[in-house]
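Commentary on secondary and tertiary structure
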Amino acid sequence: MVDPHQVNTIIATTVCAFFKGLPDNQIGAEEAKLLAKQITEALHAAGLQIVPVDPEITRL
């Protein structure tokens, strides 16, 4: 896996962006960070990996 902090930050930012348009269901940055950590831990527990894309493979 790539840097776990970077992955958690990307997920937390996405979660915050999702909830930004929902005024009745706001989520704070700290809650988003905790949710992101739980998501990455669940993916890891399921045997999945988050890895950078290999540019050579994406050209195919």
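The sections below set out a description of the structure shown in this document. (Residues numbered from 1 in each chain as written. Predicted model: local features only at pLDDT ≥ 70, side-chain atom pairs only at ≥ 80, totals over all residues. Heavy atoms only, no water.)

Moving on, we get to the overall build of the chain. The number of helices and strands found in the chain is 3 helices and 0 strands. Listed N to C, the secondary structure of the chain is α-α-α in terms of helices and strands. Here the C-alpha atoms of the chain give a radius of gyration of 14 Å, more than 25% beyond the 10 Å that 2.2 N^0.38 yields for 60 residues. In terms of overall dimensions, the chain has C-alpha extents of about 45 × 25 × 15 Å along its principal axes. Within the chain, the fraction of its 60 residues that count as buried is 13%. Summed over its atoms, the accessible surface of the chain is roughly 4,900 Å², and 62% of this surface lies on carbon and sulfur atoms. Put simply, the chain has 4 plus and 7 minus side-chain charges, and the middle of one group is 5 Å from the middle of the other. (Helix = DSSP H or I, 4+ residues; strand = E, 2+ residues; numbered from the N terminus. Rg over C-alpha atoms; globule rule 2.2 N^0.38 Å. Buried < 20%, exposed > 50% of the residue type's maximum accessible area, 1.4 Å probe, protein only. Areas by Shrake-Rupley, 256 points an atom, 1.4 Å probe, with all protein chains shown as cover. Lys, Arg positive; Asp, Glu negative; His and termini not counted. Charge placed at Lys NZ, Arg CZ, Asp CG, Glu CD.)

Once that is clear, we can look at helix 1 (residues 4-20). End to end, helix 1 covers 24 Å across 17 residues, agreeing with the expected 24 Å (1.5 Å per residue, within 8%). Residues of helix 1 that are buried: Val7, Asn8, Ile11, Ala12 and Val15. Buried residues of helix 1 fall within an arc of 125° about the axis and therefore sit on the same side. In helix 1, those exposed residues whose orientation departs by more than 90 degrees from the buried face are His5, Ile10, Ala17 and Lys20. For helix 1, the elements touching its buried residues are helix 2 (29-45). Backbone nitrogen of His5 and a side-chain oxygen of the N-cap are separated by 3.2 Å at the start of helix 1; the cap is Asp3. (Expected span 1.5 Å × (residues − 1). Arc of directions from axis to C-beta. Contact = heavy atoms within 4.5 Å. Polar contact = N/O pair within 3.5 Å; in protein donor to acceptor, adjacent residues only side chain to side chain.)

If you walk through the whole model with that rule in mind, you get 1 salt bridge. Among the salt bridges present, the one from Glu30 reaches Lys33, with a minimum N-O distance of 3.4 Å. Of this pair, Glu30 and Lys33 both sit in helix 2, 3 residues apart, which is roughly one turn of the helix. The class for Glu30 is exposed, based on a relative accessible area of 52%. With a relative accessible area of 45%, Lys33 lands in the partly exposed category. (Salt bridge = Lys/Arg side-chain N within 4 Å of Asp/Glu carboxyl O.)

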